[in-house]
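Structural description and commentary
If you want the building blocks of each chain, they are given just below.
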Amino acid sequence: MNITFLGPSPARSGVIVVFAGQGGQLAPRAQGLDSRSSGAITRAIKAAAFSGKRDQSLDILAPGGKLSRVVVFGLGDTAKLHPLDLEMLGGGIAGTLQSMKIAEAAVVTDFPEAVGRPEQCAAWLASGARLRVYEFSRYKSRRTNGGQLTALAFHTTSPAQARKAFVALDAVAEGVHLARDLVNEPPNRLFPVDFANRARDLGRNGLKVEILTPSQMHKLGMGALLGVAQGSAQEPRLVIMRWNGGRRTDQPLAFIGKGVTFDTGGISIKPAAGMEDMKGDMGGAACVTGLMLALARRKAKVNAIGAIGLVENMPGGNAQRPGDVVKSMSGQTIAVLNTDAEGRLVLADVLWYVQRRFKPRFMIDLATLTGAIVVALGKEHAGLFSNDDELVQRLSAAGLATGEKVWRMPLTPEYDKLIDSDVADMKNIGGRNAGSIIAAQFIQRFVNGVPWAHLDIAGTAFDGARTAINQSWAPGWGVRLLNRLVAEHYES
Ligand code: BES
Ligand code: MN
Ligand code: ZN
């Protein structure tokens, strides 16, 4: 879809989108359009008893002159409109136009000053529209729906500034779309090596990308990650993406993702029902990759590392067995009592590698780690575990601002004790209770006191409620959250 920003008044033809506040009161620049069409818009608003509530729209056909359609969108109480609401509104507009099979439309962006600067408002709307029109149709012989909305023009009093404001938002949307693509890919089309190749392609955008092979990981002593991979015919990879947009001396921020391209459970195999969803078990890695693309495309003034552990968890003839003991890169040994608790084994080695090599300012890992977090929080919040209150506060605020919400969960020594083992330094599962906390405690044993946050995104990385800005099975969750965190607090 082609997005443009033009001067305040649209051509008097085609499809025009305008806004109305509470009571159906037209925004000022829409009133001009109304008088030029002899009051047809206000008459339609009255006739339909359109009240201008949020998420309501009124479609007026052939109101006069060469106009084919005017669609009025309700804003509700404009005092309560935040940037996220404007993105949602932009998404709602795009969705409505798509369902009307409209190819091109002009949007008269006109909001009270208190909502935001005109260029920002136009850019937020455009961002929402961009996020909405995503479609994953690679494997469809025929396009079904979507794709027909090809051009949206946003009319504003400051088009040049709007174009500028949109650059960063567009970069983030690209990162979100990449994350969605990666999660949506079928598991036989995105093995660890394929994922690594997709990451390598991002070198074009100025990222430095390194890819470690199994023999390199073996030399580094990554027995935990390699143990997971050994049941699969597909080789694992560890990918390091680097964006150096900050000062040379700035400590990097580190983002680490679980990238299990398919999780059968291994020898502790999962039940058949719903197993297909486990193609999304690389949602953490997809988010990190999308984030790195977003940071590079908007040239963020920050140094950031994205590290993703890519493996396939399969029950092959060489698969690890329940009871196996593996040695992690940290030197700590792990009794693998359940091969389906594999994500934490992958993260253990990646977290250790990243802190040793890069001395990051903080580490944030994302992982579709436990079914238990879905039981606890559903699909509305990701679980947040952290040893750093400032990071918790900042992530929580970024969650509210982006709609990618997080909820803090506890970490304490009593939970940590539950993974002590008789035969090794620890075991990879605890009892039946507090499954998500136990997983986080396990990971914390590889954090070594570095400021750290762990996001358990098993409930949010795929198959959540569709929203105005996401209609895909894979929402690309976390890219906007972490981009916001970086932009608000860490750019020099
Ligand atoms: N990838 C799964 C967790 C998961 C479940 C993600 C549902 C998304 C939706 C993870 O590897 C796993 O299998 N966890 C086990 C841990 C258990 C064996 C301690 C689980 O949650 O059952
Ligand atoms: Mn598993
Ligand atoms: Zn898994």
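Thresholds, definitions, all that
Residues numbered from 1 in each chain as written. Chains lettered and ligands numbered in written order. Predicted model: local features only at pLDDT ≥ 70, side-chain atom pairs only at ≥ 80, totals over all residues. Heavy atoms only, no water. Donors = N, O, S within 2.8 Å, 3.2 Å for Na, K, Ca; no water. Tetrahedral: all angles 85-135°; square planar, octahedral: opposite > 155°, others 65-115°. Helix = DSSP H or I, 4+ residues; strand = E, 2+ residues; numbered from the N terminus. Buried < 20%, exposed > 50% of the residue type's maximum accessible area, 1.4 Å probe, protein only. Expected span 1.5 Å × (residues − 1). Near = heavy atom within 4 Å. Polar contact = N/O pair within 3.5 Å; in protein donor to acceptor, adjacent residues only side chain to side chain. Areas by Shrake-Rupley, 256 points an atom, 1.4 Å probe, with all protein chains shown as cover. Nonpolar A, V, L, I, M, F, W, Y, C, P; charged D, E, K, R; others polar. Axes fitted to C-alpha atoms, helices over the stretch in contact; angles between N-to-C directions. Parallel < 35°, antiparallel > 145°, perpendicular 65-115°, else oblique. Left-handed = near helix turned anticlockwise from the far one by under 90°. Contact = heavy atoms within 4.5 Å. Salt bridge = Lys/Arg side-chain N within 4 Å of Asp/Glu carboxyl O. Pairing = 2+ DSSP bridges.

A few words now on the coordination of the manganese ion (ligand 2). All of the protein donors around the manganese ion (ligand 2) are Asp263 (OD), Asp340 (O), Asp340 (OD) and Glu342 (OE); their distances to the metal are 2.0 to 2.2 Å. In this structure, the manganese ion (ligand 2) is surrounded by 6 donor atoms whose angles at the metal cover 71 to 169°, and the resulting shape is irregular. If you look at the manganese ion (ligand 2) and the zinc ion (ligand 3), they sit 3.2 Å from each other and are both ligated by aspartate 263. Here the residue aspartate 263 occupies a position in strand 9 (residues 253-263), and glutamate 342 occupies one in the loop between strand 12 (333-336) and helix 10 (343-358), the gap between them amounting to 79 residues. You'll find aspartate 263 and glutamate 342 in the same group, each marked buried.

Let us look at the coordination of the zinc ion (ligand 3). The coordination sphere of the zinc ion (ligand 3), as far as protein atoms go, consists of Lys258 (NZ), Asp263 (OD), Asp281 (OD) and Glu342 (OE), spread over 2.0 to 2.4 Å. Taken together, the 6 donor atoms coordinating the zinc ion (ligand 3) and their angles of 77 to 173° define a geometry best described as octahedral. Along the chain, the residues donating to the zinc ion (ligand 3) are arranged with the sequence spacing K-x4-D-x17-D-x60-E.

On to helix 10. Given a rise of 1.5 Å per residue, 16 residues ought to cover 22 Å, and the 22 Å separating the end C-alpha atoms of helix 10 matches this to within 8%. Counting buried residues in helix 10 gives 14 out of 16 residues, a clear majority hidden from the surface. Following helix 10 by one or two positions, lysine 359 adopts a phi angle in the positive range, close to 45°.

Here the focus is the site of ligand 1. Close to ligand 1 lie 16 residues, the nearest being Lys270, Asp281, Asp340, Glu342 and Gly371. Between ligand 1 and aspartate 263, the relevant distance is 2.9 Å, taken from an oxygen atom to a side-chain nitrogen or oxygen of the residue. Threonine 368 has a polar backbone atom sitting 3.3 Å from a nitrogen atom of ligand 1. Considering ligand 1 on its own, with 510 Å² of exposed area, one finds that the protein chains cover 76% of that surface. In terms of residue class, the shell around ligand 1 is built from 5 nonpolar, 4 polar and 7 charged.

Here we come to the packing of helix 3 (residues 83-99) against helix 4 (residues 118-132). With their axes 7 Å apart at the nearest point, helix 3 and helix 4 run at an angle of 50° to one another. Taken together, the axes of helix 3 and helix 4 lie oblique to each other. Like other packed secondary-structure pairs, helix 3 and helix 4 cross with a definite hand, here right-handed. Where helix 3 abuts helix 4, its residues Pro83, Leu86, Glu87, Leu89, Gly90, Gly91, Gly92, Ile93, Ala94, Gly95 and Gln98 lie against Cys121, Trp124, Leu125, Ser127, Gly128, Ala129, Leu131 and Arg132. The residue makeup of the contact of helix 3 with helix 4, split by class, is 10 nonpolar, 7 polar and 2 charged.

Further remarks concern the pattern of salt bridges. Tallying each qualifying case throughout the model produces 26 salt bridges. The salt bridge involving aspartate 250 is made with arginine 247; its shortest N-O contact spans 3.3 Å. The salt bridge partner of lysine 270 is aspartate 263, with a shortest N-O separation of 3.9 Å. Where salt bridges share partners, they join Glu87, Glu404 and Arg480 into one cluster.

A few words on the sheet that holds strand 12. Spatially, 3 strands are ordered 11-12-16 in an open sheet, and the strand pairing comes out mixed. The outermost strands of the open sheet, each flanked by one partner alone, are strand 11 (324-327) and strand 16 (426-427). In this structure, strand 11 lies alongside strand 12, joined through 4 bridges in antiparallel fashion. Paired with lysine 327 across the two strands is threonine 333, which belongs to strand 12.

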